[in-house]
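What follows is each chain in one-letter form.
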Amino acid sequence: MVLMDKHPVELGYPDPKKQQQSWTRKTVMALAGFITLLEGGGILMGALSRDNDSSVGDDWFDNLVKPWWNPPDWIFGPVWSVLYFMIALSAFRVYRKIGFTKALPWIVFFIQITLNFAWPVIFFKGHRLLGAFIEILILLAFIILNIMAFFPIEKAAGVLLLPYLAWVSFASFLNFTLWRLNPDADNKVTCYWLGENSYFCQTQN
């Protein structure tokens, strides 16, 4: 052990506190990467979940029987934009603490993000209310595991995921309610244009 009568910074050593708080190019790129992954992934999956097949009506969701407390459509975009930013910030705070040196927190994180991105495809593209409900319950479990994995590393990172947990819990109940109110909605109706405003429609299980 070497005893010094001066602060390490005075002897030319870097200040460890400033090292921890400094924003290097690597940390900025990491933050940008997490934001791009979450915000860009959400936009991409939203686009992929739209039904672009002209033979299938695109009013499936509009025609579902909905509870009186169903939120207006316009609110989902802004809410998810804020939530995705908070998820990205949560992941970034953990990254600044441990990098990618610990596998388990990141495995749980990327699994829950994958489940998140898969849900709109199952629900809106696949028209599978029950399948989407089962999937979102699994997503809920992994969000809880994610919070449990992040919280010991960085408390703020765990707290940042709590609004996400609350919103997905609400979405799960809404998904369940829509399934109960629309027991036949899983049957996909395909319509073909026959000309002169005539259509032939058939149901596919």
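Rules of the game
- Residues numbered from 1 in each chain as written.
- Predicted model: local features only at pLDDT ≥ 70, side-chain atom pairs only at ≥ 80, totals over all residues.
- Heavy atoms only, no water.
- Axes fitted to C-alpha atoms, helices over the stretch in contact; angles between N-to-C directions.
- Helix = DSSP H or I, 4+ residues; strand = E, 2+ residues; numbered from the N terminus.
- Left-handed = near helix turned anticlockwise from the far one by under 90°.
- Contact = heavy atoms within 4.5 Å.
- Nonpolar A, V, L, I, M, F, W, Y, C, P; charged D, E, K, R; others polar.
- Buried < 20%, exposed > 50% of the residue type's maximum accessible area, 1.4 Å probe, protein only.
- Polar contact = N/O pair within 3.5 Å; in protein donor to acceptor, adjacent residues only side chain to side chain.
- Expected span 1.5 Å × (residues − 1).
- Core = buried A, V, L, I, M, F, W, Y, C linked by side-chain atoms within 4.5 Å.

### Considerations on the packing of helix α2 (residues 25-48) against helix α3 (residues 76-98)
Logical step 1: Orientation of α2 relative to α3, taken along the N-to-C sense of each, is 150 degrees, at an axis distance of 9 Å. In terms of crossing hand, the pair formed by α2 and α3 is right-handed. Touching Lys26, Thr27, Ala30, Leu31, Phe34, Ile35, Leu38, Glu39 and Gly42 of α2 are Ser81, Tyr84, Phe85, Ile87, Ala88, Leu89, Ala91, Phe92, Tyr95 and Arg96, all from α3.
Logical step 2: Split into classes, the residues belonging to the contact of α2 with α3 amount to 13 nonpolar, 3 polar and 3 charged.

### Comments concerning the side chain of His127
Logical step 1: Mapped onto the elements, His127 comes out in the loop between α4 (103-125) and α5 (129-150).
Logical step 2: Take His127: its relative accessible area is 3%, and that puts it in the buried class.
Logical step 3: Separated by 3.1 Å, the side chain of His127 and the backbone oxygen of Phe124 make a polar contact.

### Points about α2
Logical step 1: Look at α2: 33 Å from first C-alpha to last across 24 residues, which is about the 34 Å you get at 1.5 Å a residue.
Logical step 2: Buried within α2 we find Thr27, Ala30, Leu31, Phe34, Leu38, Glu39, Gly41, Gly42 and Met45.

### Considerations on the nonpolar core
Logical step 1: Core analysis: the largest hydrophobic core is formed by 44 residues, its most contacted members being Phe34, Ile87, Trp106, Phe109, Phe123 and Tyr164.
Logical step 2: Counting residues per element, the ones that place at least two in this core are α2, α3, α4, α5 and α7 (162-181).
Logical step 3: The residues touching Ile87, leaving out its near neighbours within four places in the chain, are Leu38, Phe109, Gln112, Ile113, Leu161 and Tyr164.

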